[in-house]
Amino acid sequence: MSGFFITGTDTGCGKTEITLGLMAALQARGHRVLGMKPVASGCDQHPEGLRNADAERIQAQGTFTVPYALVNPYAFARPIAPHVAAADVGISIELDRIRAAHTELTRQADWVLVEGVGGWRVPLGPDCFVGDIPRALDLPVILVVGLKLGCLNHALLTAESIQSSGLQLAGWIANQVDPDMLAPEANLETLQTLIQAPCLGLVPWMAEPDAETIAACLHMGR
């Protein structure tokens, strides 16, 4: 089994689109691939329970169908910080529950890709953060950098935090989320110089992104 944890510079940087693209790239190589979004807020109520649109897309991209509860163990209705959403309903986000779901997925697939929520330092509880998930799952990290004004500071701080925590930053992916960004090439060059990890792809602005098109922009190395 192999896998990655996908984090981002902030909310709205395109983590889900990149996660889907990574899954498609691995599937194109013949691998059985499943995805996971362990914690999600902003979920809709369905007869089966709370469902998050991004988690449902990750579930649908899987090589085969697995129960939603394995893809998204913690689903919260309100679109707010997950630790606040959890406190609102009187529960705690437990890494053991996330680990158990991940273990079940790894028994079935060659690759399991795990998408975080928000950014790297988003709290999940009083002494637990998003960055504790890949540590619990023993996964290297891929950083999605949303190319827009302010991305240099966000990207460099996040990359430094990942690496200073002792986790492996396997690489980063530039995702152009602002089609009107000024000097994107200069920003990209700066990121390539200062982030001490390989760039795994540049995804241009797409009005209607799809997994296969994004996959063609990525170079995974294996």
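What counts, and where the lines are drawn
Residues numbered from 1 in each chain as written. Predicted model: local features only at pLDDT ≥ 70, side-chain atom pairs only at ≥ 80, totals over all residues. Heavy atoms only, no water. Axes fitted to C-alpha atoms, helices over the stretch in contact; angles between N-to-C directions. Helix = DSSP H or I, 4+ residues; strand = E, 2+ residues; numbered from the N terminus. Parallel < 35°, antiparallel > 145°, perpendicular 65-115°, else oblique. Contact = heavy atoms within 4.5 Å. Nonpolar A, V, L, I, M, F, W, Y, C, P; charged D, E, K, R; others polar. UniProt positions renumbered as here; feature names shortened; annotations may be inferred. Buried < 20%, exposed > 50% of the residue type's maximum accessible area, 1.4 Å probe, protein only.

### Overview of the packing of helix 1 (residues 15-27) against helix 2 (residues 53-61)
Then, in step 1: In the contact formed by helix 1 and helix 2, the axes pass within 10 Å of each other and the chain directions differ by 5°. In terms of orientation, helix 1 and helix 2 fall into the roughly parallel class. For the pair helix 1 and helix 2, the contacting residues are T16, E17, T19, L20, M23, A24 and Q27 in the first and D54, R57, I58 and Q61 in the second.
Then, in step 2: Residues that form the contact of helix 1 with helix 2 fall into these classes: four nonpolar, four polar and three charged.

### As for the UniProt feature "active site" (unreviewed entry) in the chain
Then, in step 1: In the numbering used here, UniProt assigns the feature "active site" (unreviewed entry) to K37.
Then, in step 2: With respect to the helices, strands and loops of the structure, K37 is situated in the loop between strand 2 (33-36) and strand 3 (39-41).
Then, in step 3: Those residues in contact with K37, other than ones at most four positions away along the chain, are N52, D54, A55, I58, V71, N72, P73, E115, G116 and V117.

### Looking at the UniProt feature "binding site: ATP" (unreviewed entry) in the chain
Then, in step 1: The UniProt record annotates "binding site: ATP" (unreviewed entry) at D54, E115, G116, V117, G118, N175 and Q176.
Then, in step 2: Looking at the element boundaries, G116 is found in the loop between strand 7 (111-115) and strand 8 (123-125).
Then, in step 3: For G116, a relative accessible area of 3% corresponds to the buried category.
Then, in step 4: Setting aside its immediate chain neighbours within four residues, G116 contacts F5, I6, K15 and K37.
Then, in step 5: Along the polypeptide, G118 turns up in the loop between strand 7 and strand 8.
Then, in step 6: Judged by its relative accessible area of 12%, G118 falls in the buried class.
Then, in step 7: Contacts of G118, omitting those with residues within four sequence positions, involve G8, D10, T11 and K15.

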